[in-house]
Amino acid sequence: MNQATNTHPHLSLPDMLRRRILGEPLQYILGDQPFGPLNLITRAPVLIPRPETEHWVIKLADRLSSTSTRPKRLLDLGTGSGCIPLLLCHLCPPGTLHTHGIDISPHAIQLATDNAALCKIPTPSPRSLHVNSFRTTLANFLSPTFSDDVNLSAPYDIITSNPPYITWNEYLELPRSVSDYEDPKALFGGPSGFDFYHSIARLVRQKGFLNPAAVVALEVGHTQAKRVEDIMRATGLVHSTEIWCDPWGKDRTVLAHF
Ligand SMILES: C[S@@+](CC[C@H](N)C(=O)[O-])C[C@H]1O[C@@H](n2cnc3c(N)ncnc32)[C@H](O)[C@@H]1O
């Protein structure tokens, strides 16, 4: 890169190079990351949106746009930068989607709120009925009292989540540019990697949590799809499932149709 292509003039090139040489991810140095047609703010330690997530979210937006008969309510568990609900709000027809992002990290909630403002996605209000909306709540969805503590908009039509799914052994092998900069809470999914999927299954089994014909879309680690499919089927409420591959041919998203 030379001065002519430095689009972040507030940072000096030597500073940027020094931080990059120390292993800091480029997206934290530059402060943004494209996600579909959006350009989202990135700020450590909130997880940098990944291309495999972008891929399934665009596919889900196509699916939702073609089946939208009435406004739908969506809950995003572990929203991070807000990338999943914000891209869906941007791509789906106006007034068809009202989204709610949950995260345990105050840094994530602040970043998701800043990204919503940047993308011009408003919080819900009587005046925002004809546009798509996004709101956030700081909360722990593993807590047994989650549904009582949070002012949810259940029943939901769609649940999305890219939960932490890395096992302890995988965590120890991550490149330093990930483990030194991105929040461990965004990555570590419990000893087996499946803790969050079990919690999501417990939530969606609760009476009144989902509308009839709801869809649950979960990003998974590339070896986890079959097991996550089984966890969802074990709710006894799923009538069909799909597994979507990422652009590199790896199983990446489990869709459960309720
Ligand atoms: C893998 S990141 C995904 C972030 C974003 N959805 C994305 O796809 O880039 C998982 C997110 O879950 C959040 N998280 C972890 N444990 C949580 C919990 N118990 N309750 C709520 N959010 C949690 C983390 O803070 C992190 O932002």
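Thresholds applied
- Residues numbered from 1 in each chain as written.
- Predicted model: local features only at pLDDT ≥ 70, side-chain atom pairs only at ≥ 80, totals over all residues.
- Heavy atoms only, no water.
- Near = heavy atom within 4 Å.
- Polar contact = N/O pair within 3.5 Å; in protein donor to acceptor, adjacent residues only side chain to side chain.
- Areas by Shrake-Rupley, 256 points an atom, 1.4 Å probe, with all protein chains shown as cover.
- Nonpolar A, V, L, I, M, F, W, Y, C, P; charged D, E, K, R; others polar.
- Pairing = 2+ DSSP bridges.
- Helix = DSSP H or I, 4+ residues; strand = E, 2+ residues; numbered from the N terminus.
- Axes fitted to C-alpha atoms, helices over the stretch in contact; angles between N-to-C directions.
- Contact = heavy atoms within 4.5 Å.
- 1 Å grid on protein atoms, 1.4 Å probe; cavity = no way out; pocket = protein on both sides within 12 Å on 5 of 7 lines; lining within 4 Å.
- Points joined across faces, edges and corners; volume = space filled by probe spheres on them.
- Phe/Tyr/Trp six-rings, centres within 6.5 Å; stacked < 30°, edge-to-face > 60°.
- Buried < 20%, exposed > 50% of the residue type's maximum accessible area, 1.4 Å probe, protein only.
- Lys NZ or Arg CZ within 6 Å of the ring centre and 35° of its normal.

An unreviewed UniProt entry lists the protein under the name S-adenosyl-L-methionine-dependent methyltransferase, from Collybia nuda.

**Student:** Explain the site of the ligand here, please?
**Tutor:** The environment of the ligand is formed by 21 residues, the closest being Gly 78, Asp 103, Asn 140, Asn 162 and Ala 186. Between the ligand and the protein, one listed contact pairs an oxygen atom with a side-chain N or O atom of Asp 103 at 2.6 Å. Protein contact buries 97% of the 600 Å² of open area that the ligand shows by itself. Taken together, the residues of the shell around the ligand sort by class into 12 nonpolar, 7 polar and 2 charged.

**Student:** Explain the sheet that holds strand E6 (residues 156-161) here, please?
**Tutor:** Each strand in a sheet pairs with its neighbour through backbone hydrogen bonds, running either in the same direction (parallel) or in the opposite one (antiparallel). Pairing in this open sheet of 7 strands is mixed, and the strands run E5-E4-E3-E6-E7-E9-E8 from one edge to the other. For this open sheet the edge positions go to strand E5 (133-138) and strand E8 (240-245), each flanked by a neighbour on one side alone. Strand-to-strand, the axes of this sheet are offset by a mean angle of 15°, without reference to chain direction. As paired elements, strand E3 (residues 72-77) and strand E4 (residues 97-103) share 6 bridges and run parallel to each other. Across the sheet, Leu 74 pairs through a bridge with Thr 99, a residue of E4. Across the sheet, helix H5 (residues 106-118) touches E4 and E5, and the angle it forms with E5 is around 165°.

**Student:** Is there a simple way to think about the side chain of Asn 132 in this case?
**Tutor:** With respect to the helices and strands, Asn 132 occurs in the loop between H5 and E5. Separated by 2.8 Å, the side chain of Asn 132 and the backbone oxygen of Cys 89 make a polar contact. Polar side-chain contacts of Asn 132 include one of 3.3 Å to the backbone oxygen of Pro 93. When neighbours within four sequence positions are excluded, Asn 132 is seen to be in contact with Cys 89, Cys 92, Pro 93, Pro 94, Gly 95, Thr 96, Leu 97, Ile 121 and Pro 122.

**Student:** Sorry, what's going on with the layout of surface pockets here?
**Tutor:** In this approach, a probe sized like a water molecule rolls over the atoms, and the result shows the empty space that is left. There is about 970 Å³ of room inside the largest pocket. What lines the largest pocket is a set of 47 residues, among which Leu 47, Asn 162, Pro 163, Ala 186 and Leu 187 lie closest to the centre. Looking at the lining of the largest pocket, the elements that each hand over two or more residues are helix H3 (51-67) and helix H4 (83-91). The residue inventory of the lining of the largest pocket, partitioned by class, reads 23 nonpolar, 12 polar and 12 charged.

**Student:** Please explain the packing of aromatic side chains as it appears in this structure.
**Tutor:** Within a pair of aromatic rings, the relevant descriptors are the distance that separates the centres and the angle that separates the planes. Here the structure, examined in full by the defined rule, presents 6 aromatic pairs. Pairing Tyr 156 with Phe 209 gives two aromatic rings, centres 5.9 Å apart and planes at 50°, and the pair type is tilted. In this pair, Tyr 156 is assigned in strand E6 and Phe 209 in the loop between helix H9 (195-205) and strand E7 (210-219), connecting sequence segments 53 residues apart. Tyr 156 gets classed as buried once you look at its relative accessible area, which sits at 1%. Ring geometry for Phe 194 and Tyr 197: centres 6.3 Å apart, planes at 55°, overall tilted. Just as Phe 194 is buried, Tyr 197 falls in that class too. Members of the aromatic cluster, connected to one another through ring pairs, are Trp 168, Tyr 171 and Phe 188. Geometry around Phe 194 places Arg 227 over its ring, the cationic atom sitting 4.4 Å from the centre.

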